[in-house]
Amino acid sequence: MDVYKLLKLNRKIKNYRIKFFALWILHVFNKRYLAVNLDPVLACNLRCKMCYFTDKEFVKKLKGQFKEEELEQVAKVIFKRALKLQIGCGTEPTLYKNLPELVRLGKKYRVPYISLTTNANLLTTESIEELLKAGLNEFTISLHGVTKASYENFMQKGSYEKFHEAFRSFQQLKKRYDFKVRINYTFNKDNFYELKDLFNHFDGKSFDILQIRPIRKIGETEYNDFNLDSVRNDYPNVIKKIKQSCVENNITLLASDEIPKEENVNSSSFIYDYTFCYVSPTSFWKDSFNWKEESFNSYAKKIGWGKLLFSSIFKSKSELRSRSNRLNYEIELN
């Protein structure tokens, strides 16, 4: 399954009513439509300046990890409805010791696409290969700086050398395994212009997808300059250059043509709230869902989830927009 073709299809279908009708049909017939984002452990080895792990008060509350039997129950409850399993959403999953087993669990329940979001600093050739053998389809790598100085400034406790070692391993293992590598680059006014030199530092054969997204406020982070006006006018030309390099290297680019404004919500994002399912040791989709005792179907029936999907077909854009704060950059595909 190519999730990026689905993203492109989602963007091309402008009529959100058609999308909600499709979701309702999938739900009624017990088909897959959820994007399950799972954090197996609430911890991180880095302290990235744009991440809430630099918020000391927040980190104090962020504790816990799944036991093996709990993940078995998670899989039993939700994996049959997962179109995609994203391991690692807001924390560092490579700190979880049984990571390959979690991937195997996803494959046991035939999840079509399994991706791992990581800062890559704890990856080795051996651990990467073990995850690939378990059935992992994609590595999604967080990056906040192209140069060594910028990378280690924004991704504190991170090693630029270890990061590049992981990419060299990706490039070698691509000769024997079929998998994708995606870079997620979060930019601010201080690390934006170095994007022009990305392909001077990273071999285009070592990754397949590049997402470029603007900084957003996600807590009381150490870096807190969210004003992008100083780079707004130059952004289209920089993206144009990157797009050309991506075409030359056969890389899929996920980026908007202009820096999206907060008030701009694309209708492609309306269904996000209805497909996104977050799971962690302290959270499971909806607060009232007793996942240790209830099935997905029984709970969905109890809260009228199918009726909600159906009624959304007839809601106005303003009603749906009040629920969604997803920006264009999350779904633009070039």
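Residues numbered from 1 in each chain as written. Predicted model: local features only at pLDDT ≥ 70, side-chain atom pairs only at ≥ 80, totals over all residues. Heavy atoms only, no water.

Caption draft 1: Quick peek at the overall build of the chain. Secondary structure assignment for the chain yields 15 helices and 11 strands. Taking 334 residues into account, the globule formula puts the C-alpha radius of gyration at 20 Å, and the chain, at 20 Å, falls close to it. Summarising its shape, the C-alpha atoms of the chain cover approximately 55 × 45 × 45 Å along the three principal directions. Look at the contacts in the chain between residues 6 or more apart in sequence, and 80% of them connect residues 24 or more apart. In the form shown here, the chain has an accessible surface area of approximately 16200 Å², with 49% of it arising from carbon and sulfur atoms. Measuring between centres, the 56 positive side-chain charges of the chain sit 6 Å from its 40 negative side-chain charges. (Helix = DSSP H or I, 4+ residues; strand = E, 2+ residues; numbered from the N terminus. Rg over C-alpha atoms; globule rule 2.2 N^0.38 Å. Contact = heavy atoms within 4.5 Å. Areas by Shrake-Rupley, 256 points an atom, 1.4 Å probe, with all protein chains shown as cover. Lys, Arg positive; Asp, Glu negative; His and termini not counted. Charge placed at Lys NZ, Arg CZ, Asp CG, Glu CD.)

Caption draft 2: Structural view of empty space enclosed by the protein. Here the structure, examined in full by the defined rule, presents 1 cavity of 30 Å³ or more. Of the volumes computed, that of the largest cavity is approximately 70 Å³. For the largest cavity, the full set of lining residues is Glu68, Leu71, Glu72, Tyr96, Asn98, Glu101, Leu102 and Leu105. Of all the secondary-structure elements, those providing two or more residues to the lining of the largest cavity are α4 (68-78) and α5 (99-108). (1 Å grid on protein atoms, 1.4 Å probe; cavity = no way out; pocket = protein on both sides within 12 Å on 5 of 7 lines; lining within 4 Å. Points joined across faces, edges and corners; volume = space filled by probe spheres on them.)

Caption draft 3: View of the packing of helix α6 (residues 125-134) against helix α8 (residues 160-173). Closest axis-to-axis distance for the α6/α8 pair is 9 Å, and the angle between their directions is 45°. If you check the angle between α6 and α8, you find them oblique. Handedness of the crossing formed by α6 with α8: right-handed. Taken together, the residues of α8 that come into contact with α6 (itself represented by Thr125, Ile128, Glu129 and Leu132) are Ala166, Ser169, Phe170 and Leu173. Residue classes in the contact of α6 with α8 are distributed as 5 nonpolar, 2 polar and 1 charged. (Axes fitted to C-alpha atoms, helices over the stretch in contact; angles between N-to-C directions. Parallel < 35°, antiparallel > 145°, perpendicular 65-115°, else oblique. Left-handed = near helix turned anticlockwise from the far one by under 90°. Nonpolar A, V, L, I, M, F, W, Y, C, P; charged D, E, K, R; others polar.)

Caption draft 4: A look at the confidence of the model for the chain. Of all residues in the chain, 94% have pLDDT values of 70 or greater, and the mean over the chain is 91. This model gives residues 324-334 a pLDDT under 50, and the stretch forms 48 contacts once residues within four places in sequence are excluded. (pLDDT = per-residue confidence, 0-100.)

Caption draft 5: Quick peek at the nonpolar core. In terms of nonpolar packing, the biggest core is built from 98 residues, with Ile78, Phe79, Phe139, Phe170 and Leu210 touching the most fellow members. Other than its neighbours up to four places away in sequence, Phe139 contacts Leu116, Leu123, Ile128, Leu131, Leu132, Phe170, Phe179, Lys180, Val181 and Arg182. Val3, Tyr4, Ile209 and Leu254 belong to the second-largest nonpolar core, a separate cluster that totals 5 residues. (Core = buried A, V, L, I, M, F, W, Y, C linked by side-chain atoms within 4.5 Å. Buried < 20%, exposed > 50% of the residue type's maximum accessible area, 1.4 Å probe, protein only.)

Caption draft 6: Here's a closer look at the packing of aromatic side chains. Enumeration over the complete set of coordinates arrives at 33 aromatic pairs. A centroid spacing of 5.0 Å and a plane angle of 50° characterise the contact between Tyr151 and Phe163, whose relative ring orientation is tilted. Residue Tyr151 is located in helix α7 (residues 148-154), and its partner Phe163 is located in helix α8; the two are separated by 12 residues in the primary sequence. The pair Tyr151 / Phe163 is uniform in exposure class, with both members buried. Ring centres 6.1 Å apart and planes at 80° place the aromatic pair Trp285 and Phe289 in the edge-to-face group. Across this residue pair, the class does not change: Trp285 and Phe289 are buried. (Phe/Tyr/Trp six-rings, centres within 6.5 Å; stacked < 30°, edge-to-face > 60°.)

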